[in-house]
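Coordinate analysis (summary)
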Amino acid sequence: MTSTELRSRRSFLALSLGGAAVAGSAICVPSMARAQGQSLKWANLAPGFTTLITDYMIAKGIDKSNGLSLGKPTSYTAVTTYYNDFVAGNYDVCIGSWDTFAARYLQGVPLQYVCTITTANMINILTPGGGAATVKALEGKTLAAPQSTGTYRMMRALIKELEGFDIETSTKIQNVDNPAAPVTLVMANRADAALSWEPNISAGLKRVPDMKVIYNAGVEYRKKFNIDLPYFGVAVRKEAAARDPQLVARLNKAFADCLAGITGNVEEAVSIAGANSGIPADVLRIAISSGRLQFKHVSMSDESGKQSLRVAGDFLTRNALLPRALDSGFFAA
């Protein structure tokens, strides 16, 4: 090989190696970006327990450790706007009641359900200390309830099917605009019973300890069906999931880690949430320690998770609360 040929060969190898290095860099950069995850928009509802989830997630960096970039959530005070903005695609990840997500999905909204994070143990009927001890004893009495909510409709269907008692026709419903009002009315002796959910139940019990829970939706449902009735969960917009094939797995892991952290150290969790939740720390402690605010991660990537939603979906469909059964497209996996 001549010296000219040798120099040409060396130049070719140098260019080849340089090109490989550039190609390697081009491959490496997107891989790192994928590992960090796409930037996502999410939200919380204040006052309410959702801020406990979002504040703890961010404070502990759980999103980052799971390859997510959630950032500061948008805070809403109106439930209707909170859900409507998710339906409109104004944010990507929503924490809400599973039946609301199911109803919107069946109406054609491009969303999928990722996981359940609480059970329906949160939903209760509360009476004064000397008041009714069973739901049937409420016949003819006044029941304060947020009648426009899916939670009210779910509780009505549950009591009607399990107890043979229709709260809407057998009691005098005093409709209210928010879940805190029913408990306030019972404390003021302006209603005989309150239908609400945590942390409103614990807030009332803290102020008037002789009040009592006479019906717990999650407990009664489990007695009948031997499975948890889901309540709050996490949904994601389909377009966000389509941009990242690993997004659902990352969200599942992040919310599982978040709930494990909260239940593992409740004191730390409620101190992190602080005033942002709009709920006193001692009320959150009561709600969690009582088992009514029951954090439980159930992934829709698991068949058992899907089955819990199918059973609950069939229950709602049977009681005309959903137009038809849920199909496989609802479950994010």
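Predicted, not measured: the structure shown is a model, and the values here were computed from it. (Residues numbered from 1 in each chain as written. Predicted model: local features only at pLDDT ≥ 70, side-chain atom pairs only at ≥ 80, totals over all residues. Heavy atoms only, no water.)

**What to know about the overall build of the chain**
Inclusion rule: Helical segments are the DSSP runs of H or I of at least four residues, strand segments are the runs of E of at least two, and each set is numbered from the N terminus. Burial status follows relative accessibility: with a 1.4 Å probe on protein chains alone, a residue under 20% of its type maximum counts as buried, one over 50% as exposed, and anything between as partly exposed. The contact rule is simple, with two residues in contact once any of their heavy atoms fall within 4.5 Å. A 1.4 Å probe and the Shrake-Rupley method give the accessible areas. Residues count as covered only by the protein chains that appear here.
The helix and strand tally for the chain stands at 15 helices and eleven strands. Considering the chain as a whole, with its 333 residues, one finds that 49% of them fall into the buried category. Long-range pairs, those at least 24 residues apart, make up 78% of the contacts in the chain with a sequence separation of at least 6. Approximately 14,900 Å² of the chain is accessible, and the part contributed by carbon and sulfur atoms is 53%.

**A short note on the layout of surface pockets**
Counted only if it meets this: The rule is simple: put a 1 Å grid over the protein atoms alone, call a set of points where a 1.4 Å probe fits but cannot get out a cavity, call an open set with protein on both sides within 12 Å along at least five of seven lines a pocket, and count a residue as lining if it has an atom within 4 Å of a point. Grid points are joined across faces, edges and corners, and a volume is the space filled by probe spheres set on the points. Gly is placed with the polar residues, together with every amino acid not listed as nonpolar (Ala, Val, Leu, Ile, Met, Phe, Trp, Tyr, Cys and Pro) or charged (Asp, Glu, Lys and Arg).
In this structure, the largest pocket occupies an estimated 1,100 Å³ of space. Contributions of two or more residues to the lining of the largest pocket are made by α4 (79-87), α5 (98-106), α6 (150-163), α8 (181-187) and α9 (200-207). The class makeup of the residues in the lining of the largest pocket is 25 nonpolar, 15 polar and six charged.

**A look at helix α2 (residues 50-59)**
Burial of α2 is extensive: eight of the ten residues sit out of reach of the surface. Looking only at α2, the buried set comprises T50, T51, L52, I53, T54, D55, Y56 and M57. Backbone geometry just after α2 places G61 at a positive phi near 65°.

**Focus: the nonpolar core**
This is how it is decided: Only buried residues count toward a nonpolar core, which is a set of Ala, Val, Leu, Ile, Met, Phe, Trp, Tyr and Cys residues joined through side-chain atoms within 4.5 Å.
If you look at the biggest cluster of nonpolar residues, it comprises 93 residues, and the most contacted ones within it are I53, I125, F255 and F330. Considering each element in turn, this core owes the most residues, eight residues, to helix α12 (residues 247-264). Excluding residues that lie within four positions of it along the chain, I125 makes contacts with V135, L138, L143, M155, I159, A193, A194, L195, K212, V213, I214 and Y215. One finds V183, L185, A191 and A194 within the second-largest nonpolar core, a separate group that totals twelve residues.

**Looking at the sheet that holds strand β3 (residues 93-97)**
Note the cut-off: When DSSP finds at least two bridges between two strands, those strands are taken to pair. Each axis is a line fitted through C-alpha atoms, taken for helices only over the stretch in contact, and angles between the N-to-C directions span 0 to 180 degrees.
Sheet architecture is open: four strands sit in the order β3-β10-β4-β11, paired in antiparallel fashion. The sheet is open, and its two borders are formed by β3 and β11 (295-299), each paired with just one other strand. On average, adjacent strands in this sheet sit at an angle of 30° to one another, irrespective of strand direction. Alignment of strand β4 (residues 111-118) against strand β10 (residues 232-237), held across five bridges, turns out to be antiparallel. Bridge pairing in β10 places T116 opposite G233. Running over the sheet, α2 touches β3, β4 and β11 and is turned about 150° from β3. Lying on the sheet, α4 is in contact with β3, β4 and β10; it crosses β3 at an angle near 135°.

**Regarding unusual backbone geometry**
Residue E198 is joined to P199 through a cis peptide bond whose omega torsion reads 5°. On the secondary structure map, P199 appears in the loop between β8 (193-197) and α9. Phi at N189 is positive, roughly 60°, even though this residue is not glycine. Position of N189 relative to the elements: it lies in the loop between α8 and β8. Despite not being glycine, A320 shows a phi value in the positive range, around 60°.

**Describing the packing of aromatic side chains**
We count it as follows: Stacked, tilted and edge-to-face pairs are distinguished by plane angle, under 30 degrees for stacked and over 60 for edge-to-face with tilted covering the rest, among Phe, Tyr and Trp rings (Trp via its six-membered ring) whose centres lie within 6.5 Å.
Within the structure shown, the criterion is met by 18 aromatic pairs. Geometrically, the ring pair formed by Y76 and Y91 is tilted, given 5.9 Å between the ring centres and 40° between the ring planes. Pair noted here: Y76 is in strand β2 (residues 74-76) and Y91 is in the loop between α4 and β3, with a separation of 15 residues, a long-range link. Residue Y91 is classed as buried on the basis of its relative accessible area, which comes to 2%. The rings of Y76, Y82, Y83, F86, Y91, F101, Y105, Y113, F330 and F331 are connected pair by pair, giving a single aromatic cluster.

**Observations concerning the sheet that holds strand β5 (residues 123-127)**
Sheet strands pair by backbone hydrogen bonding; their relative direction is either parallel or antiparallel. Spatially, five strands are ordered β7-β6-β8-β5-β9 in an open sheet, and the strand pairing comes out mixed. Two strands in the sheet have a free side with no partner beyond their single neighbour: β7 (172-175) and β9 (212-216). Direction aside, the axes of adjacent strands within the sheet are offset by 30° on average. Two elements, strand β6 (residues 142-145) and β8, share two bridges in a ladder whose sense is parallel. Opposite A144, over in β8, you have A194 as the bridge partner. Across the face of the sheet, α6 comes into contact with β5, β6, β7, β8 and β9 while running at roughly 75° to β5. The sheet strands contacting helix α10 (residues 217-225) are β5 and β9, and the helix crosses β9 at an angle near 40°.

**Things to note about the environment of V135**
Take V135: it is sitting in the loop between β5 and β6. Judged by its relative accessible area of 4%, V135 falls in the buried class. Remark: the alpha-carbon pair of V135 and Y215, spanning 80 residues in sequence, is separated by 7.0 Å. Ignoring sequence-local partners within four residues, the contact set of V135 consists of I125, I159, E163, F165, I214 and Y215.

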